Amino acid sequence: MSLVALRRPSLVARRSLRRSLATHAQTYEKDCSSITPPYAQLIEKLERIRELLNNRPLTLAEKILYSHLKDPEKSLANGGKIRGESYLQLMPERVAMQDASAQLQFMSADLPRCAVPTSIHCDHLIQASEGADADLQKSIVSNKEVFDFLESAARKYGIEFWKPGSGIIHQIVLENYAAPGMLMLGTDSHTPNAGGLGMLAIGVGGADAVDAMTGTPWELKAPQVVGVHLTGQLNGWATPKDLILHLAGKLTVRGGTGRVLEYFGPGVFNQSCTGLATVANMGAEVGATTSTFPYTPSMRAYLMATGRAPVARAADNAASKGFLSADEKAEYDEVIEINLSDLEPTINGPFTPDLATPLSKFGAFVEEKQWSDELSAALIGSCTNSSYEDMTRVAEIAQQAKEAGLTAKVPFLCTPGSEQIRATMERDGVTSSLQDVGATVLANACGPCIGQWKRDDMKGKPNAILTSFNRNFRSRNDGNASTMNFLASPTIVTAMAFAGKLSFNPISDSLKLPSGKEFKFSPPKGQDLPAQGFTPGNASFYPSPNPEPQSDTEVMIDPESQRLELLKPFPSHFDQISAKDSELELPPLKVLMRVRGKCTTDHISAAGPWLKYKGHLTNISENLLITAVNDEGGDVNVAFDHGHTSSQTPSDTIPTIAKRFKSRDQPWALIADDNYGEGSAREHAALQPRFYGCTVIVARSFARIHETNLKKQGVLPLWFADKADYARIGSGDMIQTVGLTDLIRGKQDAVVRLQVTKSDGETYEIPTQHTMSVDQLNWFCAGSAINYIRSQLS
């Protein structure tokens, strides 16, 4: 696609477009020494890079990425053509981990401390059942050994530990760590939420996080940059959530793969910082590497309001030197034009976040599909939409309803994103406004969004829920495959809770009051920042800043635990092959199954109750692909064993057949459809197949994070050169690599082919493609990235 050059608004024009922000109280100032980017160094490095690139104009994403290069001369050796082709060796400034993710892998590196500031957040293991206090206390008891492990690991390695109840990782990062121009990694796909503060925050697997934590350059294929040009202004009921829901409909779940979404234009300067974070958060739903925005007055105001005045002052100076926005005439790989004035509220779903329907057409859509018009629950909050602005906006709707004598007709659940949001909501009467109309306030955690929702009344029943969450895959929220989750803004979700009908349109429709009169909601307005400033709430949840490692701390893992176990290094695929051997081909692999259609990381490693085993690879591997569809027969969680013994069944569950292969020392391969591994950055979706003996996955295409996770764990991801070949390989077939030796030994333009042997003896070869870099091949040969890193550190 041809590059498009657009001119940014002039400085005078940008100033005229700035939002009129109220004066907000600033009552404190944090220690910002570890969260202020080294702007002077970054700008100095960028000047060297400009020379390498012949002083061509740069996008904001390029400025941030390239200024964090370990060795610019090496990474940018291709000169003009970088995006989509070159691998970048980057040095991130920060890492954030949720629950048990990268800690066990970092421990195996045998280092005394993290190379960059790092934090741990406990947000996935708090089940939503009765309400905030009761649910939190139950979680602390039931997950005590996991929380004790996380806290002890944090103490040993000098990591900031945010206790259960402190909030959701992404909201805490936005409130405490994010800074314009920073590059950070987080072990969750919605890490880009922090892009609302004009940085590049990228979701990765735990092994990628270990790169940064060990001071090893983190590798990323230079993404393309899509410019999203925003003009106009949101009106009425439209919110930033509707912008990204609309864009998801345009791009689909694959449209952002290998790309950064960079928003620019006057419409950016009309949004709050937390509104931009919502947009960045859901960029993950279109597969984008991350999303970012130029530095705005709203970002500055948010930094000041959250105690980060030193960061704001440093960012002001960096912005004055042109670092925190794209250059004029910067070229994008594609430009998408969106006039915010034309946007109406949008509802996406069910079962996929890119099925976008304008609110005005949603009732007809429900009728066309012959779905029930009944709404069974309404849920607001989560990491996507739990800002003060969101909550004050829905509180105004609740107040309108209360004055009219209405209460919610369906269960109405609210999840604050952090303790700071919860406490500020409570102080300012937002919580009571919601509770007065029937809302239940849940703990400051992911809760129903990640599947931690104890919901017994709808088990197995077809039903529809509305949420302000970011992801709506089948079975994700309550474990019920028949629950249809429709994504919308918090304001639309709240208004529809009072109607109890999917067909209700608060813009045009009225509700009948008990008196017989008609009532119609007015468009709500929120307050972007609290006039009295934020209040921290329960300070005991928070860590001390910049902790020093306490090396004598014992990391708490009971050898008999069913929740935690130390990770054993995966063996190299070439342990039995001499380095002098001329052939480095894989041994014959048996195909376990051919997966049909959408196969997200939720399908590969289910969330919900399985998350309690996140620190125990053996136990969590029992859920491998249990909701995936076998293309040979169309059944869910069924695999065939063509080499079964007389005492074994010819078919069984997918984990059972995988374990049989492992017991026979039979390495295996998986055949997959398009966008395999879409969704969460759930690293177990790569760890579990590897644990059972998977060596190769051949797919029509891969989602970015999952493909990288597979590479990190020593699984070779191959792409069908001809997508039609997907149907030519089935369970029980044997495949062997041809040409892998050439690839490993660095032969230019090496092509890996697969020799397929069918059960009747027919043999043929099919070509594949790959995205393996030199370093990634080193990981594969070593058995995993952590094996290779350890060998380089010793």
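Residues numbered from 1 in each chain as written. Predicted model: local features only at pLDDT ≥ 70, side-chain atom pairs only at ≥ 80, totals over all residues. Heavy atoms only, no water.

Looking at an unreviewed UniProt entry, one finds the protein named Aconitate hydratase and attributed to Hygrophoropsis aurantiaca.

## Quick look at the overall build of the protein
This is how the line gets drawn: A run of H or I in DSSP becomes a helix once it reaches four residues, and a run of E becomes a strand once it reaches two; helices and strands are each numbered from the N terminus. Throughout, the radius of gyration refers to the C-alpha atoms, and the reference size of a globule is 2.2 Å times the residue count to the power 0.38. Think of it in three bands: residues with accessible area under 20% of the maximum for their type are buried, residues over 50% are exposed, and the middle band is partly exposed, with areas taken using a 1.4 Å probe on protein chains only. For every accessible area listed, the method is Shrake-Rupley and the probe measures 1.4 Å; residues are considered covered only by the protein chains on display.
From N to C terminus, the protein includes 26 helices and 31 strands. The C-alpha atoms of the protein give 26 Å as radius of gyration, which agrees with the globular expectation for 794 residues (28 Å, within 12%). Here the C-alpha coordinates of the protein stretch approximately 80 × 60 × 55 Å along the principal axes. When the 794 residues of the protein are sorted by exposure, 62% land in the buried category. Total accessible area on the protein stands at roughly 28,300 Å², and carbon and sulfur atoms take up 49% of it.

## With respect to the pairing of strand S28 (residues 716-720)
Note the cut-off: Here, strands pair whenever DSSP counts at least two bridges between them. Call a crossover right-handed when, viewed with both strands pointing away from you, the route from the first strand across the helix to the second goes clockwise.
Buried residues dominate S28, accounting for four of its five residues. Examined bridge by bridge, strand S27 (residues 694-699) and S28 share four bridges and lie parallel to one another. Paired with Ile697 across the bridge in S28 is Pro717. For the crossover that starts at S27, traverses helix H23 (residues 704-712) and ends in the parallel S28, the hand is right-handed. As judged from the two bridges shared by S28 and strand S31 (residues 763-769), these two strands associate in the antiparallel manner. Looking at the pairing, Trp719 lines up with Gln769 of S31.

## Observations concerning the packing of aromatic side chains
What counts is decided by this rule: Paired rings are identified among Phe, Tyr and Trp, the last through its six-membered ring, by centres lying within 6.5 Å, and are further divided according to the angle between planes into stacked (under 30 degrees), edge-to-face (over 60) and tilted (the rest). Charges are assigned to positions over rings by a cutoff of 6 Å between ring centre and Lys NZ or Arg CZ, combined with an angular limit of 35 degrees from the ring normal.
As enumerated under the stated definition, the model contains 19 aromatic pairs in all. With centroids separated by 6.2 Å and ring planes inclined at 85 degrees, the aromatic side chains of Trp162 and Tyr177 adopt a geometry described as edge-to-face. Residue Trp162 is located in strand S5 (residues 160-162), and its partner Tyr177 is located in the loop between helix H8 (169-176) and strand S6 (183-186); the two are separated by 15 residues in the primary sequence. Look at Tyr263 and Phe293: their rings are 4.8 Å apart centre to centre, the planes differ by 20 degrees, and that puts the pair in the stacked class. Taken together, the residues span a long stretch of sequence, with Tyr263 in strand S10 (residues 259-264) and Phe293 in the loop between strand S11 (290-292) and helix H12 (297-305) at a distance of 30 residues. Looking at Phe293, the relative accessible area reads 1%, which means it is buried. In this structure an aromatic cluster arises from ring pairing among Phe362, Phe365, Trp371 and Phe486. When the ring centre of Tyr726 is taken as reference, the NZ or CZ atom of Arg594 above it lies at 5.7 Å.

## Examining the environment of Lys614
Tracing the sequence through the fold places Lys614 in the loop between helix H19 (601-604) and helix H20 (617-620). Separated by 335 residues in the primary sequence, Lys614 and Val279 place their C-alpha atoms 29 Å from one another.

## So, the pairing of strand S29 (residues 734-738)
Residues Ile735 and Thr737 of S29 are buried on one face, while the alternating residues Met734, Gln736 and Val738, pointing to the opposite face, are not. By the bridge criterion, two bridges tie strand S23 (residues 589-594) to S29 in an arrangement that is antiparallel. Among the inter-strand pairings, Leu589 is bridged to a residue of S29, identified as Ile735. Two elements, S29 and strand S30 (residues 753-757), share five bridges in a ladder whose sense is antiparallel. Residue pairing in the sheet places Met734 in a bridge with Thr757 of S30.

## Topic: the pattern of salt bridges
Rules: The rule for a salt bridge is simple: a side-chain nitrogen of Lys or Arg has to be within 4 Å of a carboxyl oxygen of Asp or Glu.
For the coordinates displayed, the defined rule picks out 41 salt bridges. Here Arg664 ties to Asp641 by a salt bridge, and the two come within 2.6 Å at their closest N and O atoms. Taken together, the residues span a long stretch of sequence, with Arg664 in the loop between helix H21 (654-663) and strand S26 (668-672) and Asp641 in the loop between strand S24 (639-640) and strand S25 (651-652) at a distance of 23 residues. Members of the salt-bridge network, linked through shared partners, are Glu47, Arg50, Lys63 and Asp327.

## Re helix H25 (residues 774-782)
Think of an α-helix as turning once every 3.6 residues; residues three or four places apart then point the same way. Our working definition: The arc in question is the one spanned by the directions pointing from the helix axis to the C-beta atoms.
Those residues of H25 lying buried are Gln776, Leu777, Trp779 and Phe780. Taken around the axis of H25, the buried residues stretch over an arc of 155 degrees, which confines them to a single face. Of the residues flanking the end of H25, it is Gly783, one or two places downstream, whose phi is positive at about 105 degrees.

## Topic: the nonpolar core
Buried together is how nonpolar side chains tend to be arranged in soluble globular proteins. Which entries qualify depends on this criterion: Residue types Ala, Val, Leu, Ile, Met, Phe, Trp, Tyr and Cys, when buried and joined through side-chain atoms within 4.5 Å, form a set referred to as a nonpolar core. Contact between two residues is taken to exist if any of their heavy atoms lie within 4.5 Å; hydrogens are not considered.
Counting 182 residues, the largest nonpolar core has Tyr66, Tyr263 and Phe521 as the members making the most contacts within it. Filtering out sequence-adjacent residues up to four positions away, Phe521 remains in contact with Trp237, Ile397, Gln400, Ala401, Ala495, Phe498, Phe504, Pro506 and Leu511. Counting 27 residues, the second largest nonpolar core, distinct from the first, contains Leu589, Leu716, Phe720 and Ile766.

## Topic: the sheet that holds S5
This is how the line gets drawn: Note on geometry: axes are C-alpha line fits, over the in-contact stretch for helices, and angles between N-to-C directions span 0 to 180 degrees.
Within the open sheet, the five strands sit side by side as S5-S4-S3-S6-S7. Their pairing is parallel. Each end of this open sheet is capped by a strand with a single partner; those strands are S5 and strand S7 (200-203). Averaged over all neighbouring strand pairs, the angle between strand axes comes to 20 degrees, with direction disregarded. One ladder, built from four bridges, connects S6 with S7; its direction is parallel. Directly across from Met184, in S7, lies its bridge partner Ala201.

## Thoughts on the environment of Pro650
Relative to the elements of secondary structure, Pro650 occurs in the loop between S24 and S25. Here the alpha-carbon distance between Pro650 and Phe640, two residues ten residues apart in the chain, equals 5.9 Å.

## Some details on the sheet that holds strand S13 (residues 334-339)
Sheet architecture is open: four strands sit in the order S11-S10-S9-S13, paired in parallel fashion. At either end of the open sheet lies a strand with only one pairing partner, and these are S11 and S13. Across the sheet, the axes of successive neighbouring strands diverge by a mean angle of 20 degrees, strand direction being ignored. Pairing analysis gives six bridges linking strand S9 (residues 224-231) to S13, with the strands arranged parallel. Looking at S13, one finds that Val228 is bridged to Ile336. Helix H10 (residues 240-251) contacts S9, S10 and S13 of the sheet and is inclined by roughly 135 degrees relative to S13.

## Describing H21
Along H21, the residues that are buried comprise Ile654, Pro655, Ile657, Ala658, Arg660 and Phe661. In this fold, the buried residues of H21 make contact with S23, S24, S25, S26 and helix H22 (684-692). Immediately beyond the C-terminal end of H21, within one or two residues, lies Asp665, with a positive phi of roughly 55 degrees.

## Some details on the side chain of Glu419
Definition in use: Pairs of N or O atoms are called polar contacts if they sit within 3.5 Å, as long as, within protein, a hydrogen donor faces a hydrogen acceptor (for residues adjacent in sequence, only side-chain-to-side-chain pairs).
For Glu419, the location among the structural elements is in helix H16 (residues 419-427). There is a polar contact of 2.8 Å between the side chain of Glu419 and the side chain of Arg422. Once you skip the residues sitting within four places of it in the chain, Glu419 turns out to touch Gly165, Ser166, Gly167, Asn444, Pro536, Gly537, Asn538, Phe541 and Tyr542.

## Topic: the packing of H10 against helix H11 (residues 273-281)
Just so we agree on the cut-off: In these notes the angle categories are as follows: under 35 degrees is roughly parallel, over 145 is roughly antiparallel, 65 to 115 is roughly perpendicular, and the rest is oblique. Crossing chirality is assigned from the near helix's rotation relative to the far helix, an anticlockwise turn below a right angle marking it left-handed and a clockwise turn marking it right-handed. Put simply, Ala, Val, Leu, Ile, Met, Phe, Trp, Tyr, Cys and Pro go in the nonpolar bin, Asp, Glu, Lys and Arg in the charged bin, and everything else, Gly too, in the polar bin.
Closest axis-to-axis distance for the H10/H11 pair is 8 Å, and the angle between their directions is 20 degrees. Looking at the two axes, H10 sits roughly parallel to H11. Where H10 crosses over H11, the handedness of that crossing is right-handed. Across the interface between the two elements, Pro240, Lys241, Leu243 and Ile244 of H10 pack against Gly275, Thr278 and Val279 of H11. For the contact of H10 with H11, the residue count by class is four nonpolar, two polar and one charged.

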